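Spelled out from the first residue to the last, the chains are:
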Amino acid sequence: MIILAATPIGNLGDASRRLIEVLENARIVAAEDTRTTQRLLSALGVSNRPRLIPLHDHNEKAKAAEIAALAADEDVVVLSDAGMPTVSDPGFGLVAAAVEQGVTVSAIPGPSAVITALAVSGLPTDRFTFEGFLPRKPGDRRSVLSSLSGEPRTMVFFESPSRLASTLADMAGAFGASRRAAVCRELTKFYEEVRRGSVTELAEWADAGVKGEIVVVVAGAAPREVSPEDALAQVQSLVAGGARLKDAASEVASQTGLSSRDLYQAALASRRP
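Residues numbered from 1 in each chain as written. Predicted model: local features only at pLDDT ≥ 70, side-chain atom pairs only at ≥ 80, totals over all residues. Heavy atoms only, no water.

1. Re the sheet that holds strand β5 (residues 105–108)
To keep it simple, the criterion reads: We treat two strands as partners when DSSP finds at least two bridges between them. Secondary structure elements follow DSSP: runs of H or I no shorter than four residues count as helices, runs of E no shorter than two count as strands, and numbering proceeds from the N terminus. Working convention: axes come from line fits to C-alpha atoms, limited for helices to the stretch in contact. Angles between N-to-C directions cover 0 to 180 degrees.
Spatial ordering of the open sheet is given by β3-β2-β4-β1-β5, a layout of five strands whose pairing is parallel. Taken across any chain shown, the strands that pair with only one partner, and hence form the sheet edges, are β3 (51–54) and β5. Taking the axes of each pair of neighbouring strands and ignoring which way they run, one obtains an average angle of 25° across the sheet. In terms of strand pairing, strand β2 (residues 28–31) meets strand β4 (residues 76–79) through three bridges, oriented parallel. Looking at the pairing, Val-29 lines up with Val-77 of β4.

2. Quick notes on the sheet that holds strand β9 (residues 193–198)
Rules: Whether two residues are in contact is decided by their heavy atoms, any of which lying within 4.5 Å being enough.
Taken in spatial order, the five strands line up as β6-β7-β10-β8-β9 in an open sheet, and their pairing is mixed. The sheet terminates laterally at β6 (128–133) and β9, the two strands that pair on one side only. Between one strand axis and the next, the sheet turns by 20° as a mean value, whatever way the strands run. Here six bridges tie strand β8 (residues 180–185) to β9, and the two strands are oriented antiparallel to one another. When the sheet's bridge partners are listed, Arg-185 is paired in β9 with Glu-193. Where helix α7 (residues 164–175) meets the sheet, it contacts β7 (154–159), β8 and β10 (214–218), and its direction lies at approximately 10° from that of β10.

3. Description of helix α8 (residues 199–206)
For clarity, the threshold we go by: Exposed residues in this analysis have more than 50% of their type's maximum accessible area, buried residues have under 20%, and partly exposed residues fall in between, with area computed by a 1.4 Å probe over protein chains only. The arc in question is traced by the directions running from the helix axis to the C-beta atoms.
Taken residue by residue, α8 has Val-199, Leu-202, Ala-203 and Ala-206 as its buried positions. Taken around the axis of α8, the buried residues stretch over an arc of 105°, which confines them to a single face. The inward-facing, buried residues of α8 contact α7, β8 and β9.

4. Quick look at the layout of surface pockets
With a probe scaled to a water molecule rolled over the atoms, the places where space remains empty come into view. Put simply, the rule reads: A cavity here means a set of 1 Å grid points, computed over protein atoms only, where a 1.4 Å probe fits but cannot escape. A pocket is an open set with protein on both sides within 12 Å along at least 5 of 7 lines, and lining residues have an atom within 4 Å of a point. Grid points are joined across faces, edges and corners, and a volume is the space filled by probe spheres set on the points. Each residue is assigned to one class: nonpolar for Ala, Val, Leu, Ile, Met, Phe, Trp, Tyr, Cys and Pro, charged for Asp, Glu, Lys and Arg, and polar for all the others, Gly among them.
Put simply, the largest pocket is a space of about 630 Å³. Around the largest pocket, the lining is made up of 29 residues, and of these Ala-82, Asp-89, Ala-113, Phe-158 and Glu-213 lie nearest the centre. Among the elements of the structure, α5 (113–120), β6, β7 and β10 are those that each provide at least two residues to the lining of the largest pocket. Per element, the largest residue contribution to the lining of the largest pocket is three residues, and it comes from α5. Split by residue class, the lining of the largest pocket holds 16 nonpolar, six polar and seven charged. Taken together, 14 residues form the lining of the second largest pocket, with Pro-8, Leu-12, Thr-36, Leu-40 and Asp-81 sitting closest to its centre. Among the elements that line the lining of the second largest pocket, the one with the most residues is helix α2 (residues 34–43), at five residues. In terms of residue class, the lining of the second largest pocket is built from seven nonpolar, five polar and two charged.

5. What about the packing of helix α3 (residues 60–70) against helix α4 (residues 92–101)?
As a reminder of what qualifies: In this scheme, roughly parallel covers angles under 35 degrees and roughly antiparallel covers those over 145, while 65 to 115 is roughly perpendicular and the rest are oblique. Whether a crossing is left-handed or right-handed is set by the direction in which the near helix is turned from the far one by less than a right angle, anticlockwise for left-handed and clockwise for right-handed.
It is at 8 Å that the axes of α3 and α4 come closest, and there the two elements cross at 40°. Relative to α4, the element α3 lies oblique. The handedness of the crossing between α3 and α4 is right-handed. Touching Glu-60, Ala-64, Ala-65, Ile-67, Ala-68 and Ala-69 of α3 are Phe-92, Gly-93, Leu-94, Ala-97, Ala-98 and Gln-101, all from α4. Residues of the contact of α3 with α4, tallied by class, amount to nine nonpolar, two polar and one charged.

6. Focus on the environment of Val-46
In this structure, Val-46 sits in the loop between α2 and β3. Classification of Val-46 as buried rests on a relative accessible area of 2%. Those residues in contact with Val-46, other than ones at most four positions away along the chain, are Ile-20, Leu-23, Glu-24 and Leu-41.

7. Quick notes on the UniProt feature "domain: Tetrapyrrole methylase" (unreviewed entry) in the chain
How we decide: UniProt positions are given in the numbering used here, feature names are shortened, and annotations may be inferred rather than shown by experiment.
Per the UniProt record, the feature "domain: Tetrapyrrole methylase" (unreviewed entry) sits at residues 1–203. Here residues 1–203 runs as 37% helix and 22% strand, with 45 Å between its end C-alpha atoms.

8. Looking at the UniProt feature "domain: RsmI HTH" (unreviewed entry) in the chain
UniProt's feature table lists "domain: RsmI HTH" (unreviewed entry) at residues 227–270, given in the numbering used throughout. As annotated, residues 227–270 comprises 82% helix and 0% strand, and the C-alpha atoms at either end are separated by 16 Å.

9. With respect to the pattern of salt bridges
How we decide: Basic side-chain nitrogens of Lys or Arg form a salt bridge, by our definition, when they fall within 4 Å of a carboxyl oxygen of Asp or Glu.
All told, the structure shown has 11 salt bridges when counted by the stated rule. Ionic pairing is found between Asp-33 and Arg-35, a salt bridge with its closest N-O pair at 3.4 Å. For Arg-35, a relative accessible area of 53% translates into the label exposed. Across the salt bridge formed by Glu-66 and Lys-63, the nearest N and O atoms sit 3.5 Å from each other. Highlighted residues: Glu-66 and Lys-63, both in helix α3, separated by three residues, approximately one helical turn. Accessibility expressed as a relative area gives 47% for Glu-66, which makes it partly exposed.

Rendered as structure tokens:
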């Protein structure tokens, strides 16, 4: 079995009892950084010293099938340096290989920088999208942000402190200067800080220099003002493309702010002779 184990993102007190029990009994651990894992075991008071197998971005493609085959006979615990493996961390390739080989994959839930930042951001949490790290090259970054300018869901990004100010400035260009956002820094740690404001205000703040692990949460685009007639046409177009009427009405409603029920009823009425 493959066991994906979430580890603390800063505060060791967030380590679950189940995580500690599994690490006490683990014989094999696939670790993003074996030195970090050794320090974690010591910090958690785990006396067990399992066999450590490096599993990181540079070797996962080559090692995934081998580790998955190993997990067919005995449990392999998978650890990233912090948070849940596979989420902007190594592990996805291993899980894919395990699924292909019919190996069971389980998880020990725990700390997540994505969910923690979303929860404290003060922005809508009912629907969100995780975008991970943006491209490092400014042109590529602006292109991605431009493609997200109409995204209605709250967006969560990881960013390095050295690029934070320029990324926020690019967000102001792509999303508009007044788009609301939150910069969450050093979550769960002693110097935890959450700054809220417009992307322009936050860019000005970040320009002075920021340190630590950074998560940026950005409000989604406001619903576009669309007439009921145009919205109905969008629903009909989606249905013509193969979507279920209920799903099409719901999607257009989320984009326009109109009533899903009214769009559904209008589409039904338009079918009648």
